[in-house]
Every structure is written in structure tokens, then in C-alpha cells.
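What follows is the residue order along each chain.
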Amino acid sequence: QVQLVESGGGLVQAGGTLRLSCAASGSFFSIYTMGWYRQAPGRQRELVADITSTGSTNYADSVKGRFTISKDNAKNTAYLQMNSLKSEDTAVYYCKAKVSLRAVPPAYDYWGQGTQVTVSS
């Protein structure tokens, strides 16, 4: 019913930049929040940043001041601008959206397939 497609990952040198995109499509009523998570080898998936439908944002301490999350409500697309990348940012980045399928609760979480970000030192 809801598909999330991520793009923009790749290989970059330390100090470089990347911009991830996550486009939501399908049949739904509204998107409450969209967020980016990441999972490095041998580690648990962790929140990087999320944004509500009203534009409120939340960031992991490790990325504050370097990453910026934004959203285009008309396109149902979220973006993650990543600057000053470090080797420890290397991970698979996943998009998550909390979506209501109808005008009444509940809302459901949907995940994208993930995109690899590799930062070489």
C-alpha cells in the first residue's frame, strides 16, 4: 500500500557531502513523520533524524550540526543533507515513514529498502 524508495547513497571521502532522498508513494491518507535511520555492520539500527508533518525535527547527537533533514509535503519526499561526513557515518541508511491509510487511526510504520553510504578516510 505504501512504498518508500531511497536514493542518493554512494561512496564519498571524509569531509564530503551526500544528499539522500526518500519518496513515498501508494495509497494513503497522510504522512505523520518521516525519518532516517542507519545501521552499521555489527551494530543496531539507530535514529539519525526525523521530521514531522509540521516541520519539527529531531537529530541524533552524533549528526547535529552536520546533517539536515527536510521534507517536501507536496512530493511526499524527505531529504537528508549530509555534510562533513566522517568514516563513522558509514552505514546502510533506511527511510521510515509513519503513515495513516485512512482519516482515522491507526498509523503504520513503513520502511524503505536502504541505501549504502560509505565514507572513506
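Here, every reference points to the structure presented above.
Computed from a predicted structure; not experimentally measured. (Residues numbered from 1 in each chain as written. Predicted model: local features only at pLDDT ≥ 70, side-chain atom pairs only at ≥ 80, totals over all residues. Heavy atoms only, no water.)

Caption draft 1: The packing of aromatic side chains, seen in detail. The tally for this structure, following the rule as stated, stands at 1 aromatic pair. Relative to Trp111, the ring of Tyr37 has its centre 5.0 Å away and its plane inclined at 65 degrees; by these criteria the two rings are edge-to-face. Residue Tyr37 is located in strand β4 (residues 30-39), and its partner Trp111 is located in strand β10 (residues 107-111); the two are separated by 74 residues in the primary sequence. Using a relative accessible area of 38% as the deciding quantity, one classes Trp111 as partly exposed. (Phe/Tyr/Trp six-rings, centres within 6.5 Å; stacked < 30°, edge-to-face > 60°. Helix = DSSP H or I, 4+ residues; strand = E, 2+ residues; numbered from the N terminus. Buried < 20%, exposed > 50% of the residue type's maximum accessible area, 1.4 Å probe, protein only.)

Caption draft 2: Expanded view of the state of the cysteines. As enumerated under the stated definition, the model contains 1 disulfide in all. Paired by a disulfide, Cys22 and Cys95 hold their sulfur atoms 2.0 Å apart. Taking the torsion about the sulfur-sulfur bond, which here is approximately -80 degrees, the covalent link between Cys22 and Cys95 counts as left-handed. Within this pair, whereas Cys22 is found in strand β3 (residues 18-26), its partner Cys95 is found in strand β9 (residues 91-100), the two being separated by 73 residues in sequence. For the pair Cys22 and Cys95, one class covers both residues: buried. (Disulfide = S-S within 2.5 Å.)

Caption draft 3: Geometry of the sheet that holds strand β7 (residues 67-72). In spatial order, the strands read β1-β3-β8-β7; together these 4 strands make up an open sheet with antiparallel pairing. Looking at which strands have only one partner, the edges of the open sheet turn out to be β1 (2-7) and β7. Each strand of the sheet is rotated relative to its neighbour by a mean of 15 degrees, with strand direction disregarded. When β7 meets strand β8 (residues 77-82), the two strands line up antiparallel, connected through 6 bridges. (Pairing = 2+ DSSP bridges. Axes fitted to C-alpha atoms, helices over the stretch in contact; angles between N-to-C directions.)

Caption draft 4: Seen up close, the pattern of salt bridges. This structure, assessed with the given rule, holds 6 salt bridges. For Lys64, the salt bridge goes to Asp61, with nearest N and O atoms at 3.1 Å. Accessibility expressed as a relative area gives 64% for Asp61, which makes it exposed. Across the pair Asp109 and Lys98 runs a salt bridge, and its minimum N-O distance is 3.1 Å. Of this pair, Asp109 sits in strand β10 while Lys98 is found in strand β9, placing the two residues 11 residues apart along the sequence. The exposure class assigned to Asp109 is partly exposed, which follows from its relative accessible area of 37%. Here the residues in one salt-bridge network are Arg38, Glu46, Arg66 and Asp89, joined through shared partners. (Salt bridge = Lys/Arg side-chain N within 4 Å of Asp/Glu carboxyl O.)

The values reported here are purely geometric and, on their own, carry no functional implication.
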